[in-house]
Each structure stands twice: as C-alpha cells, then as structure tokens.
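Survey of secondary and tertiary structure
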Amino acid sequence: MTLWKRAIGAIKDKNSIVMANFSKKCSFRNPDLEAAIIKATSHDEYHIDKRNAQIVFSWIRASPISLRPLAWALSKRMEKTRSWVVAIKGLMLMHGVFHCKVPAVQKMGRLPFDLSNFSDGHPRSSKTWGFTAFIREYFAFLDQRAFVSFEQDNRKAEERPLMLQQLLKLQKWQSLLDMLLQVRPRADNMKVRLILEAMDCVIIEIFDVYSRICSEIAKVLLNIYSVGKLEAAMALKILQKATTQGEELSLFFEFCNEYGILNANEFPTVTQIPEEDVQELKRIINGVSEKTYKDEDFKEKNQMAIVVREKNNPIVEQREKKGALKTIITDKWVVFEENNGSSNEKNTVAEEAAARNLPLVPIDHVPVYSHYEIPDLISF
C-alpha cells in the first residue's frame, strides 16, 4: 500500500467518523457504536484495531438491542466499500460478533450485508483477484453459518426420530466444514498480516465445527445398533464423508503450516475412521448384523469404539487449575486441560502480552464429553 493510498484511506475513515458523530441517536443508529465499527474496519491494512473491535463486542454483550444499529452501520459500510481491507475487517468483526454467544445474534438468519459479488476497486484486477476470492468464500461461509444457527435455535419440536435429527444436523455441519476449507489465500501476494489474522479466525472456527462433528458422530455410533436401515445408510454416508474430510483437513493443515499461520505447530494430525465401524454399518444396511444394542456384553467388549474408559485409561478429562485454557494432544485422543504456571506475576505479564495478540474470534471452550468417546478422527 503506497503512502498516497494510505492517506486517502485515512481521510475517508476520518470523514466517516465525523459524520457518525454528528448523526442523531435513534433505534437503528448509535454514534458511539458506529464510530467504533469504522475504526475497527479502517482502510489501514497494516493495523488491526482490536481495541475497538472489543468495544463493539462489549456493546453487543451488554445490550442486545445494539444489534440493530450494528447491523445498520456495518451493512452500510460493507455495501459501499470497494476496498478488500475494509471488507475482510468487516467479515472478521462479524465473525467475532457471532462468537459473542448472544441469542439475538443467533436469530439473525443471514448476514446483514452481501459480499457474494464483491470486487476490489484496484485498477489492476490481477493484483487483487486473490483477495476478492478470499472475501467471497469467507462471506459464503459466515452467511451459511448464520442460517444454520438460526435453524437450530428456532426449530420447533420435530416429529422426526432423534437419530434422524442428529444425522441431518451432522450433514449440515459437514457442509459448513466443506465451505470453511475453501477459505484460504490463493495468490502469491497475500502473505500479509491481515490475511494471516483472518486465517487464524478461520482455523479457530474449523476446530469448533470439527469438534461438533466429532461429538455428534460419537453419539450416533453409541446408538447406531438401535436404528433401521435408512438411518444406517445415512450414517454410512456421513462416516464416508468424514473420512474424505479427514484427508482434506490434513492437506489444509499442511498448507497452513507451510504458509506460516500463527498456530501452525498446534495443528493435530487427522487420521481415518476405523474401517470396522464402516463395515459394521454396511452389515446393518444389508440386514446381516449379528450385534444388537440390547446386548450388554457387546457394549462392554466394544466399549473402546463408542464409550470412554473412565477408570484405567481416561480418554478425555478436564482438570481445573489457575490460568488459561490449554489444549494437549495425546497419541490418540484430544485432551483439554486448564493449566497455569507457579507464579502469579509471570501469569500477569504473560496475559498482558497475549492480549495484544488475541484473534478477533475468541477460542471457544470445547465441551468435554465424559460418557462418549470422540471418534478416531483426530490423533497426533
């Protein structure tokens, strides 16, 4: 970005802030919130204003009625911009809003703006096509994520069997994971701080979506012997899809590691689902399975495949200690622990340093399932 272009961008941002400050506060406008949104989505590609992003998140958490002025201000800014910098910052800000865990946000249904046909205003499209593609893919995922969350939070009591509901939910989350894996830098000139920061948000979302898929598959496998052929056929397709996605995740993590994503060394290695589980589903579909869900001996013998062993070899555990959340990857299972150093002073310094480097999308606490084994989808 040239000095002249940075100066023009700064002038545009300043004028927008002045106009926001002179606007009257009403049901769909909040000058203070609008100013924070403009600062958080500035034209400066070398600076990410996380302080004002956190101010926006605080407004939403403290007062859900702030969602309407946020949607108005952000959509107005996104729909008129032709800057890939402003567009990516706007998507990251909206991504962070989704993670505020406010019920009103989950009921949005769709994003309040449309970037599906976004195009940067640079006169030479050969320099910005990668950024344009990144923005369109990122937007497509967030828009679909909003729709899936809306469906789950607003669905009425369904007459469908519980297993069928779980399988349909799994299919939707696997579709979201497919869309997530499409969000990546594709051009040689995209190794800039803003793209790396956006990729951190994408990777955090991948862990969240993938953990949901793992837990749902564990529940399905626990009760798979009590279902009919239709559900078994759906479950088989889901396991086959999970196998394919496991291969794609491995390639995606390798790409991110080579590209220099911040937490590349923390990526686990994804392995395949055991072939015996797939074969057993095929036997159920063909009506030749000799195992039944009522057979307690079968449950005990096959506990390794579907239930956590709690006494001698705990698979997933949670220990509460002081400090920050830490993820530990074992040779077979993903374990989530909370850990802390021995000195409070060291913790304070570390927390202050880490706060400056936190991604806009917070890392959600992944639920620990003490009664279900997470399938063999992630291992080290």
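Residues numbered from 1 in each chain as written. Predicted model: local features only at pLDDT ≥ 70, side-chain atom pairs only at ≥ 80, totals over all residues. Heavy atoms only, no water.

**Structural notes on the overall build of the chain**
- For the chain, the helix and strand inventory stands at 14 helices and four strands.
- Considering the chain as a whole, with its 380 residues, one finds that 47% of them fall into the buried category.
- In the chain, the proportion of contacts linking residues at least 24 apart, taken out of those at least 6 apart, comes to 75%.
- Approximately 20,200 Å² of the chain is accessible, and the part contributed by carbon and sulfur atoms is 52%. (Helix = DSSP H or I, 4+ residues; strand = E, 2+ residues; numbered from the N terminus. Buried < 20%, exposed > 50% of the residue type's maximum accessible area, 1.4 Å probe, protein only. Contact = heavy atoms within 4.5 Å. Areas by Shrake-Rupley, 256 points an atom, 1.4 Å probe, with all protein chains shown as cover.)

**With respect to helix 1 (residues 3-22)**
- Over its 20 residues, helix 1 extends 29 Å from the first C-alpha to the last, a length consistent with the 28 Å expected when each residue adds 1.5 Å.
- All buried positions along helix 1 are accounted for by Gly9, Asp13, Ser16, Ile17 and Ala20. The buried residues of helix 1 occupy an angular sector of 100° when the element is viewed end-on, so they sit on one face. Residues of helix 1 that are exposed and point over 90 degrees away from its buried face: Leu3, Trp4, Ile11, Lys14, Met19 and Phe22.
- Buried residues along helix 1 sit against helix 2 (31-40) and helix 4 (67-80). (Expected span 1.5 Å × (residues − 1). Arc of directions from axis to C-beta.)

**Details of the packing of aromatic side chains**
- Tallied over the full model, the rule gives seven aromatic pairs.
- Look at Phe134 and Tyr138: their rings are 6.0 Å apart centre to centre, the planes differ by 70°, and that puts the pair in the edge-to-face class. One end of the pair is Phe134 and the other is Tyr138, both in helix 7 (residues 129-154) and four residues apart, which spans about a single turn. Grouping residues by exposure puts Phe134 and Tyr138 together as buried.
- Ring centres of Phe252 and Phe253 lie 6.3 Å apart, and the angle between their planes is 65°; this geometry places the pair in the edge-to-face category.
- Over the ring of Phe255 we find Arg184; its NZ or CZ atom is 5.2 Å from the centre of that ring. (Phe/Tyr/Trp six-rings, centres within 6.5 Å; stacked < 30°, edge-to-face > 60°. Lys NZ or Arg CZ within 6 Å of the ring centre and 35° of its normal.)

**Things to note about the packing of helix 8 (residues 162-180) against helix 10 (residues 229-259)**
- In contact at an axis separation of 10 Å, helix 8 and helix 10 are set at 20° when each is read in the N-to-C sense. Relative to helix 10, the element helix 8 is oriented roughly parallel. The two elements helix 8 and helix 10 cross, and the hand of that crossing is left-handed. Contact with helix 8, carried on its side by Met163, Leu164, Leu167, Leu168, Leu170, Gln171, Gln174, Leu177 and Asp178, involves Glu231, Met234, Ala235, Ile238, Lys241, Ala242, Gln245, Glu248 and Leu249 of helix 10 and no other residues of that element.
- Counted by class, the contact of helix 8 with helix 10 contains 11 nonpolar, three polar and four charged residues. (Axes fitted to C-alpha atoms, helices over the stretch in contact; angles between N-to-C directions. Parallel < 35°, antiparallel > 145°, perpendicular 65-115°, else oblique. Left-handed = near helix turned anticlockwise from the far one by under 90°. Nonpolar A, V, L, I, M, F, W, Y, C, P; charged D, E, K, R; others polar.)

**Points about unusual backbone geometry**
- Despite not being glycine, Lys101 shows a phi value in the positive range, around 60°.
- Within the secondary structure layout, Lys101 lies in the loop between helix 5 (84-98) and helix 6 (103-106).
- What makes Lys101 partly exposed here is its relative accessible area of 47%.

**Focus: the environment of Thr41**
- Position of Thr41 among the secondary structure elements: in the loop between helix 2 and helix 3 (50-62).
- Residues Thr41 and Ala87, spaced 46 residues apart in sequence, show a C-alpha to C-alpha distance of 7.7 Å.
- If near-sequence neighbours (up to four positions away) are discounted, Thr41 is found in contact with Leu74, Arg77, Val86, Lys89, Gly90 and Leu93.
- A distance of 2.7 Å separates the side chain of Thr41 from the backbone oxygen of Ile37, its partner in a polar contact.
- Of the polar contacts made by the side chain of Thr41, one reaches the side chain of Arg77; its length is 2.7 Å. (Polar contact = N/O pair within 3.5 Å; in protein donor to acceptor, adjacent residues only side chain to side chain.)

**Let's talk about the confidence of the model for the chain**
- Of the residues in the chain, 70% have a pLDDT of 70 or more, and the chain-wide mean is 75.
- When mean pLDDT is compared element by element in the chain, helix 5 scores highest at 94, while helix 13 (residues 303-306) scores lowest at 36.
- Between residues 289-355, whose pLDDT stays under 50, and residues either more than four places distant or in other chains, the model counts 89 contacts.
- Confidence drops under a pLDDT of 50 for residues 364-380, and excluding neighbours within four residues, the segment shows 64 contacts in the predicted structure. (pLDDT = per-residue confidence, 0-100.)

**Topic: the packing of helix 10 against helix 11 (residues 275-285)**
- One can describe the packing of helix 10 onto helix 11 by two numbers: an axis separation of 9 Å at closest approach and a directional angle of 155°. Relative to helix 11, helix 10 is oriented roughly antiparallel. For the element pair helix 10 and helix 11, the recorded crossing hand is left-handed. The segment helix 10 lies against helix 11, with Lys229, Ala232, Ala233, Ala235, Leu236, Leu239 and Gln240 engaging Asp277, Val278, Leu281, Lys282, Ile284 and Ile285.
- Classifying every residue of the contact of helix 10 with helix 11 by side-chain character gives nine nonpolar, one polar and three charged.

**Points about the pattern of salt bridges**
- According to the stated counting rule, one finds 12 salt bridges in the structure shown.
- For Lys169, the salt bridge goes to Glu216, with nearest N and O atoms at 4.0 Å. Linking Lys169 in helix 8 with Glu216 in helix 9 (residues 193-222), this pair joins segments that are 47 residues apart in sequence.
- Residue Asp208 pairs with Arg212 through a salt bridge whose shortest N-O separation is 3.4 Å. Taken as a pair, Asp208 and Arg212 lie in helix 9 at a separation of four residues, close to a single helical turn.
- Connected through salt bridges with shared partners, the residues Lys169, Glu216 and Lys219 form a single ionic network. (Salt bridge = Lys/Arg side-chain N within 4 Å of Asp/Glu carboxyl O.)

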